[in-house]
Amino acid sequence: MVKKSQEYIVKIDTLNHQAQGIARIDGFVVFVDNVLIDEVVKIKIEEVKKEYAKAKLVEILEKSPYRKDPECPYYDFCGGCHLMHAKYQHQLKLKKLLVEDAFRRIGKLSPKINDVIGMENPFRYRNKTALPVGGDYVKPQIGFYRKMTHDIVPIDYCLIQHEFCDDVIKGMKELIKKHKIEVYDERKHQGVLRHIVVRNSFAFDEMMLILVCTKVPENLEVIKKDILDKFPKIKSFFVNLNPKRTNVILGEEDILIWGSSTIKDKIGNLTFEISPKSFFQVNSLQTEVLYSQVVKYLKDIDAEIVFDVYSGIGTISMFVAPFCKKVYAIEIVEDAVEDAKKSSKNNNISNIEFICGSAEIEIPRLMKSGIIPQAVILDPPRRGCEKELLESLIEHKIPNIIYVSCNPSTLARDSNILCSNGYEILEVQPVDMFPQTFHVECVALFKKREE
Ligand SMILES: C[S@@+](CC[C@H](N)C(=O)[O-])C[C@H]1O[C@@H](n2cnc3c(N)ncnc32)[C@H](O)[C@@H]1O
């Protein structure tokens, strides 16, 4: 019987989908963070549940040859990077195993899965961050949440973010003190400044700053002047109002305080406009690799009509537009659709129809009206596709589906639905969009089987 606070020596069998080590004590499953496969470690049990226990790593007795010292001083506390203790090439191998495991366990499938395409420099790649603010205006804290909590780990820099993020952390701490900006206290639901959201463009060296507040801060005009002085790369400054007691970061209302309502970034040769609420892949450099994979599959298909479902600011649509007659892009966020329309005009692309609505309603509607694509590209959020959407693709026997996914578990679940209804997976190409973390993006190519 596994007991809380007891220490054990175990060997790590494998990692789960969140890169936690799995060990067994008399057959009982124990999860341990910060370990690697085949390591022998001393652990201390922290929590015992009915089906499993969670333990803390106490000492590594037999070290994996793939282990390295994490480069980040906050690694042990911050919940952001889960795999920084593994050499990068090994991280890629582990991610492939996680994808294979999801397909086997959840999808009951074993498709051909290629090696993960990694980055040359797996640091400083993120173009967006949301930093919670804590403490008070005398001693403000800006950082990330401690693993599985809402306690803030104050940081001075983050090795996976663009350097602008470090400047904002330093500069905003000074401004909170100087202007006595009231910091939000989550427990009491009191105060003003909750989060600082930074978006930065790798291609144009510009930045969007969003202060997420319960109300417009006092002295905003003076604060604005200091912000513009401190951050010369700023192109766009918003206050977002979020007065609710909620874990959701952004509230409904965005107030443009200064500058442009969007920033621009580039993927390949295309330029995109990005609003505060619009989705944009967080790794601008690696996105080109991801989209090239989609283009590669689509070129082989020779499709006239293509649906880009969950299209965000129309990035994939504009990448595939030269290879077909018409693209229908479907996205639920209005601002993202507006960004997409502007960008397609700027990029001189005229064969895309942008539709604002929910995919599960708009796709069946389009197909009922007689518009039947030869290829559908799906790129849903982490929860995967709505069942009604997959059912309508199955019903209309769409011959080719290219599924882009940031969550192997829901990709595997949806693959099972497709493969149980006449489809086969030709291949899965994982791409590492999120180095140092357990997250991995995949592009899967499905074909309708001959009847
Ligand atoms: C993972 S993002 C992909 C965006 C885009 N394809 C890209 O590569 O940047 C998923 C997008 O789906 C949108 N979305 C979420 N639920 C939706 C729904 N039910 N119908 C249509 N779009 C939805 C989100 O707003 C987001 O822009």
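A quick note: this is a predicted structure, and the numbers were derived from the prediction, not measured.

Colleague: What is the right way to look at the environment of Leu 175 in this model?
Modeller: Examined against the element boundaries, Leu 175 turns out to sit in helix H2 (residues 163-178). Accessibility expressed as a relative area gives 2% for Leu 175, which makes it buried. Each C-alpha atom, one on Leu 175 and one on Asp 226, is 7.6 Å from the other, the two residues being 51 residues apart in sequence. Residues within four places of Leu 175 in sequence aside, it is in contact with Lys 180, Ile 181, Asp 226, Ile 227 and Lys 230.

Colleague: Even after reading the chapter, I still don't get the pairing of strand S4 (residues 28-32), so can you show me in this structure?
Modeller: A regular strand carries its side chains on alternate faces of the sheet. Burial runs high along S4: four of the five residues are buried. Pairing of strand S3 (residues 21-25) with S4, which is carried by five bridges, proceeds in the antiparallel orientation. When the sheet's bridge partners are listed, Ile 25 is paired in S4 with Phe 28. Taking the residues that link successive antiparallel strands as the turn, the S3-S4 hairpin has two residues, and the phi of Asp 26 there is positive, at about 50 degrees.

Colleague: Explain the domain arrangement of the protein chain here, please?
Modeller: Partitioning the protein chain into structural domains gives domain 1 (1-66), domain 2 (93-120 + 283-448) and domain 3 (128-263). The C-alpha centroid of domain 3 is placed 33 Å from the C-alpha centroid of domain 2. Of the residues lining the interface, five residues belong to domain 2; the matching set on domain 3 comes to four residues. The largest per-residue losses of area from domain 2 upon contact with domain 3 belong to Ser 284, Leu 285 and Lys 342, which jointly make up 55% of the total buried on that side. Where domain 2 packs against domain 3, one counts zero salt bridges. Joining domain 2 to domain 3, the criterion identifies zero residue pairs in polar contact (both at pLDDT 80 or more). In terms of residue class, the side of domain 2 that touches domain 3 is built from one nonpolar, two polar and two charged.

Colleague: Where do I start with empty space enclosed by the protein in this structure?
Modeller: Unfilled space is identified by rolling a water-sized probe across the atoms. Throughout the structure, instances matching the rule amount to one cavity of 30 Å³ or more. Its boundaries defined by the atoms lining it, the largest cavity holds a volume of some 30 Å³. Taken together, Asn 127, Arg 199, Asn 200, Ser 201, Ile 263, Asp 265, Ile 274 and Phe 280 form the lining of the largest cavity. It is strand S10 (residues 193-201) that contributes the most residues to the lining of the largest cavity, three residues altogether. Residues of the lining of the largest cavity, tallied by class, amount to three nonpolar, three polar and two charged.

Reading the values: rules and limits
- Residues numbered from 1 in each chain as written.
- Predicted model: local features only at pLDDT ≥ 70, side-chain atom pairs only at ≥ 80, totals over all residues.
- Heavy atoms only, no water.
- Helix = DSSP H or I, 4+ residues; strand = E, 2+ residues; numbered from the N terminus.
- Buried < 20%, exposed > 50% of the residue type's maximum accessible area, 1.4 Å probe, protein only.
- Contact = heavy atoms within 4.5 Å.
- Pairing = 2+ DSSP bridges.
- Domains from an automatic or database assignment.
- Buried area = accessible area lost by both parts, 1.4 Å probe.
- Salt bridge = Lys/Arg side-chain N within 4 Å of Asp/Glu carboxyl O.
- Polar contact = N/O pair within 3.5 Å; in protein donor to acceptor, adjacent residues only side chain to side chain.
- Nonpolar A, V, L, I, M, F, W, Y, C, P; charged D, E, K, R; others polar.
- 1 Å grid on protein atoms, 1.4 Å probe; cavity = no way out; pocket = protein on both sides within 12 Å on 5 of 7 lines; lining within 4 Å.
- Points joined across faces, edges and corners; volume = space filled by probe spheres on them.

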